[in-house]
Amino acid sequence: MVAPGDGHPPGARATPQQPPPRSTMLVRGDEDSHGAAVAIQAWWRGQLVRRALEVAGRSACRIQAWWHRAVARQREERRLRALAAYVRQERASVLLQAHARTWQARDRYRRCREAARTIQARWRQRGTGQRGTRQRGGTEDGVDLSIEIVLG
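Residues numbered from 1 in each chain as written. Predicted model: local features only at pLDDT ≥ 70, side-chain atom pairs only at ≥ 80, totals over all residues. Heavy atoms only, no water.

Peer 1: Any details on the overall build of the protein? Residues and values, ideally.
Peer 2: From N to C terminus, the protein includes 1 helix and 0 strands. Within the span of the protein, comprising 152 residues, buried residues form 7% of the whole. Of the contacts made within the protein by residues no fewer than 6 positions apart, 29% connect residues no fewer than 24 positions apart. Counting every atom, the protein has about 13,800 Å² of accessible surface; 57% of that belongs to carbon and sulfur. (Helix = DSSP H or I, 4+ residues; strand = E, 2+ residues; numbered from the N terminus. Buried < 20%, exposed > 50% of the residue type's maximum accessible area, 1.4 Å probe, protein only. Contact = heavy atoms within 4.5 Å. Areas by Shrake-Rupley, 256 points an atom, 1.4 Å probe, with all protein chains shown as cover.)

Shown next, in the form of structure tokens:
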């Protein structure tokens, strides 16, 4: 039996130590080269991880740049659409205002032309001696006192 407290479970039997198989045994010189191999492998794995992280970082930067360009492009398209709608409304309002001013000017011109014709007709009647005839809205001497000339 094994004495208690020597690291074995109680009731375990002591067995004589057998040497490990030759295939797992390292010769003293092999131990140094094994440590070096482990160090090289660890360094190489670190290089691979750093390279993968670098590639992933560049890829993330490319994706972010593409996304920012896409968002900026959409924002610019929305701005241009809003600008086009604004310009369209402005042109329409300017066109309506121009038509309204044209109509007012023509109406004012028409009224002035009619007033001038009325004045000319009364003046001509006055010169021909048609004093006794009373025209619509006029006096006995042919002058119409109810002429309205409105400009503006």
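Peer 1: Account for the packing of aromatic side chains, naming residues and giving values.
Peer 2: Inspection of every chain in the model, using the stated rule, returns 2 aromatic pairs. When the centroid spacing of 6.1 Å and the interplanar angle of 45 degrees are considered together, the rings of tryptophan 43 and tryptophan 44 count as tilted. The class of tryptophan 44 is partly exposed, set by a relative accessible area of 40%. Aromatic pair tryptophan 66 and tryptophan 67: ring centres 6.1 Å apart, planes at 45 degrees, arrangement tilted. (Phe/Tyr/Trp six-rings, centres within 6.5 Å; stacked < 30°, edge-to-face > 60°.)

Peer 1: Help me get a handle on a nonpolar patch on the surface, residues and values and all.
Peer 2: A contiguous nonpolar surface patch, about 350 Å² in accessible area, is contributed by Leu80, Leu83, Tyr86 and Val87. Relative to the elements of secondary structure, leucine 83 occurs in helix H1 (residues 28-128). The exposure class of leucine 83 is partly exposed, given its relative accessible area of 41%. (Patch = residues over 30% accessible without salt bridge, like charges linked within 9 Å, V, L, I, M, F, W, Y side chains within 5 Å. Salt bridge = Lys/Arg side-chain N within 4 Å of Asp/Glu carboxyl O.)

Peer 1: Hey, could you go over the environment of alanine 105 for me, with residue numbers and the actual values?
Peer 2: Its location among the elements puts alanine 105 in helix H1. Residues alanine 105 and leucine 151 lie 46 residues apart in sequence; the distance between their C-alpha atoms is 9.7 Å.

Peer 1: Summarise the pattern of salt bridges; cite the residues concerned and give the values.
Peer 2: Overall, the coordinates contain 5 salt bridges when judged by the stated rule. With its nearest N and O atoms 2.7 Å apart, the salt bridge here joins arginine 79 to glutamate 76. In this pair, arginine 79 and glutamate 76 both sit in helix H1, 3 residues apart, roughly one turn of the helix. Arginine 79 gets classed as partly exposed once you look at its relative accessible area, which sits at 44%. Of the charged contacts, one joins arginine 110 and glutamate 114 as a salt bridge, the two residues approaching to 3.1 Å between their closest N and O atoms. Placement of the pair is arginine 110 and glutamate 114 together in helix H1, with a separation of 4 residues, close to one helical turn. The exposure class assigned to arginine 110 is partly exposed, which follows from its relative accessible area of 34%. Classification of glutamate 114 as partly exposed rests on a relative accessible area of 38%.

Peer 1: Got a sec to walk through the side chain of aspartate 107? Specific residues and values, please.
Peer 2: Structurally, aspartate 107 is set in helix H1. Given a relative accessible area of 18%, aspartate 107 falls into the buried group. At a separation of 2.4 Å, a polar atom in the side chain of aspartate 107 contacts the side chain of arginine 110. (Polar contact = N/O pair within 3.5 Å; in protein donor to acceptor, adjacent residues only side chain to side chain.)

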